[in-house]
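Chain residues, written in single-letter form:
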Amino acid sequence: MSDQVFIFDTTLRDGEQAPGASMTLAEKLKIGKQLAKLNVDIIEAGFPISSPQDAESVRAIASEIQGPVICALARATEMDVKAAGESLSPSDNTRIHTFIATSDIHLDAKFSHPRFGKNLTERRETVIRMAVDAIKQARTYTDNVEFSAEDAGRTELNYLCEMVHAAIEAGATTINLPDTTGYCIPHEYADIFTRVINGVPNSDKAIFSTHCHDDLGLAVANSLAGVLAGARQIECTINGIGERAGNASLEEIVMAIHVRSQKFNLHTGIESKALMESSKMVQVASGFPVPPNKAIVGKNAFSHEAGIHQHGVLKRRDTYEIMRAEDVGQDAEQIRLGRHSGRHGFFSRLEKMRIQIPEPDRDDLYTRFLALADQKKEIFEEDLYNLVNYIDSKDAKPEYVLERMDISVTSGQEPLAEVSISHRRLNKVHTERATGDGPVDALYRAINHAVGTAHELVSYSIRSETEGADAVGIVRVLTASGDRHFYGEAQHTDVLKASAEAYLMSLNRLAAHSNEADNMHFVTDGIRKSFERNPA
Ligand code: KIV
Ligand code: ZN
């Protein structure tokens, strides 16, 4: 038996069947191209008979996407198989996937009309005949035909074996045994494969496939159990989207087979580094965001916040990580700062930001960090700059104070700003004016002239804190001088005033840092000179 597990992606068919997940043709094409980049083996592109749009998107994918086999779904009826065959015609690398229900519950509900038979035995025979006819018809379009015994998970086993035998005899090259309702538990699902593969004499002529739904949260576990019992194709979707609770999630299956390769002794051809990008694309197109704790592609899947974990991971990644974030396309930097972070994680993040904290300030800074983390769920880089700048400027009086600002915006003219700023050390007020692309640009240019320090504006953001015309705007500004960053923040109903104050706050922090650096030079200069006068 081969050691390759084929990945059959059904995001565009079963995934798109999730209520509310329907996608446009352009989105389907984009995802189809991404699936080819991910190197899936088969793309189930749609169910052509279900709507003219589905038929059109299968046709478009068949004509534009190279690499994976392009597959279309069809019930076991003549018109369905014809629609699937015709939609796939632009490609010469195709599969028709035909299905019919085999469980007693489904036979009773779907085939109760007397034309299908008077009793269960007759209905079962009719259904086998329909499957055989559909498979033979599908083979007139392509040599690659898959048959699914819908609700195989709840189908009587002898009948399932009879059906599979007839399907392979008729020309099916892949046999799918779906757990359509997500009812099975892993050892039970594995047992179905073992018994069908061993009990059907021609089973070696087909590849067996899993197709699991997640109603009990067991879709991935069941798919893996099926593979351990001999299946060599897994049907799954990106992010596990699909009918009801969804399908088995592709990314979880692929990484389980990869990370536990010694247990499985199997491999897939998936380019795992493209998993995250694929997940994001499907989130946007389907409108189904994944929760932060989702395995493999969730935002927190590789993040460590607890102090013990951060310390461990910084020392040796495999203490708390069984795979690398980079291998699935997630960011490598995953130390998240929050209430549970320890000193080690906190100071090592500052070091990564090239911020050195003198030993005497460390306790104070860490205490402030914990107090802030108690109020905020997550601490971002801006918050860290703010904390560090506080240490730099805690004893300093502000160097610059905004005494006055006037801004005029006249239509057809560039906005004009005039500011008066007092300089504490010079004991002077500087008044300057400037024009700019917009009022904030004009204001910041005027402030630059009035302050006169060399710096760079790294980022500016404005967010409204409340609603309505008199909403409070919060302005956040980051400036840089050399490799040091200085953060400023202010809020006001007048967003121009908030912009000016936030900017000045960051420039005051920059000035406090420069004064400290000047004082330091003064002291070290004095020591050097005294050594020159009195050499040892
Ligand atoms: O869940 C299911 O049984 C299906 C079949 C069409 C394969 O999606
Ligand atoms: Zn399904």
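Reading guide: rules and limits
- Residues numbered from 1 in each chain as written.
- Chains lettered and ligands numbered in written order.
- Predicted model: local features only at pLDDT ≥ 70, side-chain atom pairs only at ≥ 80, totals over all residues.
- Heavy atoms only, no water.
- Helix = DSSP H or I, 4+ residues; strand = E, 2+ residues; numbered from the N terminus.
- Rg over C-alpha atoms; globule rule 2.2 N^0.38 Å.
- Buried < 20%, exposed > 50% of the residue type's maximum accessible area, 1.4 Å probe, protein only.
- Contact = heavy atoms within 4.5 Å.
- Lys, Arg positive; Asp, Glu negative; His and termini not counted.
- Charge placed at Lys NZ, Arg CZ, Asp CG, Glu CD.
- Phe/Tyr/Trp six-rings, centres within 6.5 Å; stacked < 30°, edge-to-face > 60°.
- Lys NZ or Arg CZ within 6 Å of the ring centre and 35° of its normal.
- Donors = N, O, S within 2.8 Å, 3.2 Å for Na, K, Ca; no water.
- Near = heavy atom within 4 Å.
- Polar contact = N/O pair within 3.5 Å; in protein donor to acceptor, adjacent residues only side chain to side chain.
- Areas by Shrake-Rupley, 256 points an atom, 1.4 Å probe, with all protein chains shown as cover.
- pLDDT = per-residue confidence, 0-100.

## Quick word on the overall build of the protein chain
Next, step 1: For the protein chain, the count of helices and strands is 18 helices and 14 strands.
Next, step 2: The globule rule puts the C-alpha radius of gyration for 536 residues at 24 Å, and the 33 Å found for the protein chain is more than 25% above it.
Next, step 3: Split into buried and exposed, the 536 residues of the protein chain put 52% on the buried side.
Next, step 4: In the protein chain, the share of contacts with a sequence separation of at least 24, taken over all contacts with a separation of at least 6, comes to 64%.
Next, step 5: Charged side chains in the protein chain number 58 positive and 77 negative. The centres of these two groups are separated by 3 Å.

## So, the packing of aromatic side chains
Next, step 1: Under the defined criterion, the tally for this structure stands at 10 aromatic pairs.
Next, step 2: Between Phe346 and Phe347, the ring centres sit 4.9 Å apart and the planes meet at 65°, which makes this aromatic pair edge-to-face. As far as burial versus exposure is concerned, Phe346 and Phe347 are alike and both buried.
Next, step 3: Three or more aromatic residues joined by ring pairs make a cluster, and in this case those are Phe346, Phe347, Tyr366 and Phe369.
Next, step 4: A cation over an aromatic ring shows up here: Arg362 above the ring of Phe347, its NZ or CZ 4.3 Å from the ring centre.

## Remarks on the coordination of the zinc ion (ligand 2)
Next, step 1: Around the zinc ion (ligand 2), the donor atoms from the protein are Asp14 (OD), His211 (NE2) and His213 (NE2), and they sit 2.0 to 2.2 Å away.
Next, step 2: Look at where the donors of the zinc ion (ligand 2) fall in the sequence and you get D-x196-H-x1-H. A residue pair is termed long-range when its members are at least 10 positions apart, and Asp14 in helix H1 (residues 11–15) and His211 in strand E7 (residues 207–212) qualify at 197 residues.
Next, step 3: A relative accessible area of 3% means that Asp14 is categorised as buried.

## Structural notes on the environment of Ile335
Next, step 1: Here Ile335 lies in the loop between helix H13 (307–315) and helix H14 (343–352).
Next, step 2: Taking the C-alpha atoms as reference points, Ile335 and His311, 24 residues apart in sequence, are found 9.7 Å from one another.
Next, step 3: The contacts of Ile335, once residues within four sequence positions are left out, are His304, Gln310, Leu314, Gly345 and Arg349.

## Describing the site of ligand 1
Next, step 1: Every residue lining ligand 1 is accounted for by Arg13, Asp14, His97, Phe99, Ser148, Glu150, Asn176, Pro178, Thr180, His211 and His213.
Next, step 2: Asp14 has a polar side-chain atom sitting 3.1 Å from an oxygen atom of ligand 1.
Next, step 3: A distance of 3.0 Å separates an oxygen atom of ligand 1 from a polar atom in the side chain of His213.
Next, step 4: If ligand 1 stood free it would expose 260 Å²; the protein chains cover 94% of that surface.
Next, step 5: Of all the secondary-structure elements, those providing two or more residues to the shell around ligand 1 are H1, strand E4 (94–101), strand E5 (145–150) and strand E6 (174–179).

## Considerations on the confidence of the model for the protein chain
If pLDDT is low for a region, its predicted coordinates should not be looked at in detail.
Next, step 1: Chain-level statistics for the protein chain give a pLDDT mean of 90 and a share of 94% at 70 or above.
Next, step 2: This model gives residues 520–524 a pLDDT under 50, and the stretch forms 0 contacts once residues within four places in sequence are excluded.

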